[in-house]
Amino acid sequence: MNIIDSDRHVMEPVQLWSTYLDSNIYSKFTIHSKVSINNDIDNMNVPKTFFVGNIPILNNWNEDIQIASSLRSESTKDERIAAMKPDTQVLSMDESEIKVAAIFSTFAGFIVNHSELPADVSLAYADAYNRWLKDYCDFDTNRLKAVGLISRHDPKNMVEQLEKVVANGWTSITLRPEVIMGRVLGHEDYNDFWAACEKHNIAVAFHGGTNLHAPTAGTDRFTTRFAMHACSHPMEAQMAFVSLLESGVLERHPRLKFAFLEAGASWVPHWLWRLDNICYPEFPTLVEENIKMLPSEYFKRQCWVGIELGEPCLREVIDVIGHDKLLYGSDFPHPDHLQFTTEDIAQQLSELNEIELKAVLEQNAKDFYGFESLDAESVWVNESDSLVEAG
């Protein structure tokens, strides 16, 4: 079975920044760490707090979260180490029957999108990460597909950043869905950038998360990891789509491709139903310039969404947007998803038929990311109503 992982991560080694980052920037905004609480609490090895300059990289990374994180650190150590280097990343993919993976950052996005960093520092960190990622993925470009990281701090340089991604031969970028430096995704300052993405056929993957120094959904009322993590991914995905829709980005750029990752897919039927049936028809004159068809039609035309293994309502999602817009992503090596394995994945997605399963695990990622066809190392056959690998 050829499985394409649409959402797999590196773990950036700290030393990459001293090697790849502009020395003038690094001297003022060095990555360093310190133990911010008693490291001998119940004899636990409490994780360090990382800083960029004198600014904590993670927001609301309090003592409770640090202690809870330490309880899981040993159980996820091997996976995190494997994600630091390309050779061990590929070995980990082999163990999970992953043929190709779209490779995302883990910590670089927290730095590049940090609300307290100057624009030139954000840009320098994005550039350094992308140069390191190129070297990382050059280990095996057939299997490790780099997803470029873009700084949104200064929209005037975003097209130039994109052109570097294109020059690398990459087909996709990742953005945070939040408001960054006061600008929503549909802000007019990004108009040239969206036009350039469409021109170069660059797929845009939105990947949210918790503990960013930005106004992520939930941070205005919660400080606990439980509540913030519950809100951040799905709620930011929903609002990201609305911003692109209402501002006319989807209307003006019909060939632009967007994916919403690590937010599940079950929100899609409800959200599109609400937009179609309550919001869109309420005051037609207020939206007629930028929304010329039902919101669900834009989604079906231009948007993909990552599924979670075991989540409910996948059949309802398919009924609304079709099976060809669903993506599988492991989120490896992040600890909140390590319990979801590819073992018996066909059984875990038993509500999908043979055609739908092949699409979700392989073809849809090719369509979204623009990956070239994989070598035919396996074929799909139906044996006793189950999918097996032949040969």
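Because the structure is predicted, anything quoted here is derived from the model rather than measured. (Residues numbered from 1 in each chain as written. Predicted model: local features only at pLDDT ≥ 70, side-chain atom pairs only at ≥ 80, totals over all residues. Heavy atoms only, no water.)

Caption draft 1: Geometry of the nonpolar core. The biggest cluster of nonpolar side chains holds 94 residues, and the ones touching the most others in it are W17, Y125, I173, W194, F241, F258 and F299. Apart from residues no more than four positions distant in its own chain, I173 is found in contact with V147, G148, I150, L162, V165, F193, C197, I202, A203, V204 and A205. Core analysis: the next-biggest nonpolar cluster, separate from the first, contains 15 residues, V147, L327, A365 and Y369 among them. (Core = buried A, V, L, I, M, F, W, Y, C linked by side-chain atoms within 4.5 Å. Buried < 20%, exposed > 50% of the residue type's maximum accessible area, 1.4 Å probe, protein only. Contact = heavy atoms within 4.5 Å.)

Caption draft 2: Region of the structure containing the pairing of strand β11 (residues 303–307). Across the five residues that make up β11, a large majority, five, are buried. Residues C303, V305 and I307 line one face of β11 and the alternating positions W304 and G306 line the opposite face, and both faces are buried. Strand direction decides the pairing type here: strand β10 (residues 258–261) and β11, joined by three bridges, are parallel. When the sheet's bridge partners are listed, F258 is paired in β11 with C303. Relative to strand β12 (residues 326–328), β11 runs parallel, the two sharing three bridges. Each bridged residue has a counterpart across the sheet, and for I307 the counterpart in β12 is Y328. In this region the chain leaves β11, passes through helix α15 (residues 314–321) and returns to the parallel neighbour β12; the handedness of that crossover is right-handed. (Helix = DSSP H or I, 4+ residues; strand = E, 2+ residues; numbered from the N terminus. Pairing = 2+ DSSP bridges. Right-handed = clockwise from strand over helix to strand, strands pointing away.)

Caption draft 3: Expanded view of the confidence of the model for the protein chain. Put simply, the protein chain has an average pLDDT of 91, and 91% of its residues get 70 or more. Note on residues 374–391: pLDDT under 50 across the span, and 36 contacts to partners over four residues away in sequence or across chains. (pLDDT = per-residue confidence, 0-100.)

Caption draft 4: Region of interest: the environment of R72. For R72, the position within the fold is in helix α3 (residues 63–73). Residues R72 and V305, spaced 233 residues apart in sequence, show a C-alpha to C-alpha distance of 28 Å. In this structure, R72 is in contact with P335 and D336, ignoring residues within four places of it in sequence.

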